[in-house]
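Remarks on the overall topology
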Amino acid sequence: MPAKDNDWKSRLGMVYSTNPDFAFDSGEEKEADTPPKNRQKLRVGIERKNRGGKVVTVVKGFVGAEAALKELGRMLKTKCGVGGAVKDGEIIIQGEWKQRIVELLCADGYTDVK
C-alpha cells in the first residue's frame, strides 16, 4: 500500500519543482480540538423562516470537531425522538423542543446554554 503522503491524486495540480527541500502542502487544515463541555457557549432557538412554515429548534455556537457535533446531534435527536440534521455548524431538530434540549444539554455537562 502506498503511504498517505505519497498520494499522487492530491497533487494533480502541482507544478514541477527543482528545490530538493520542497515539501508539498495540500492546503488542508487540521480540525480544531473540541473544548470541554463546560467551555461551550451553545444557543438554542426556534426558527420558522425559510422552512415552509415548519417549526425547528436550532442549536448554534458549537466549537470543535465535526464528528463531536454530529454525535451531539445524534444524541439530541434520539432523546427527543424526532428527526433532524447537522449542517453548517448547527444542529437542527424538527419541532419545538427548546426547553427539552436545554435540559438535555445541561444534564450532559454543558453549562453555558441559553
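Residues numbered from 1 in each chain as written. Predicted model: local features only at pLDDT ≥ 70, side-chain atom pairs only at ≥ 80, totals over all residues. Heavy atoms only, no water.

Worth spelling out the cut-off: UniProt positions are given in the numbering used here, feature names are shortened, and annotations may be inferred rather than shown by experiment.
As recorded by an unreviewed UniProt entry, the protein carries the name Putative translation initiation factor SUI1 and is attributed to Paraprevotella clara YIT 11840. Taken from UniProt, the Sequence similarities (unreviewed entry) comment for the protein reads in full: "Belongs to the SUI1 family."

**What about the side chain of Gln 40?**
Definition in use: Helix numbers and strand numbers start at the N terminus; a helix is a DSSP run of H or I with at least 4 residues, a strand a run of E with at least 2. Contacts described as polar in this section are N or O atom pairs within 3.5 Å, which, within protein, must combine one atom able to donate a hydrogen with one able to accept it, while residues neighboring in sequence count only if both atoms come from side chains. We call two residues in contact whenever any of their non-hydrogen atoms come within 4.5 Å of each other.
For Gln 40, the location among the structural elements is in the segment before strand S1 (41-47). A polar contact of 2.8 Å, which involves the side chain of Gln 40, links it to the backbone oxygen of Val 63. When neighbours within four sequence positions are excluded, Gln 40 is seen to be in contact with Thr 34, Pro 35, Gly 61, Phe 62, Val 63, Tyr 110 and Asp 112.

**Brief notes about the pairing of strand S2 (residues 56-60)**
Cut-off, in case you're wondering: Exposed residues in this analysis have more than 50% of their type's maximum accessible area, buried residues have under 20%, and partly exposed residues fall in between, with area computed by a 1.4 Å probe over protein chains only. In this scheme, strands are said to pair when DSSP sees at least two bridges between them.
Of all 5 residues in S2, 4 are buried; the element is thus mostly enclosed. As defined by bridge partners, S1 adjoins S2 across 5 bridges and the pair is classed as antiparallel. Residue pairing in the sheet places Gly 45 in a bridge with Val 58 of S2. Sheet topology note: the S2/strand S4 (residues 90-94) ladder contains 4 bridges and is antiparallel. Considered in S4, the bridge of Val 56 is made with Gln 94.

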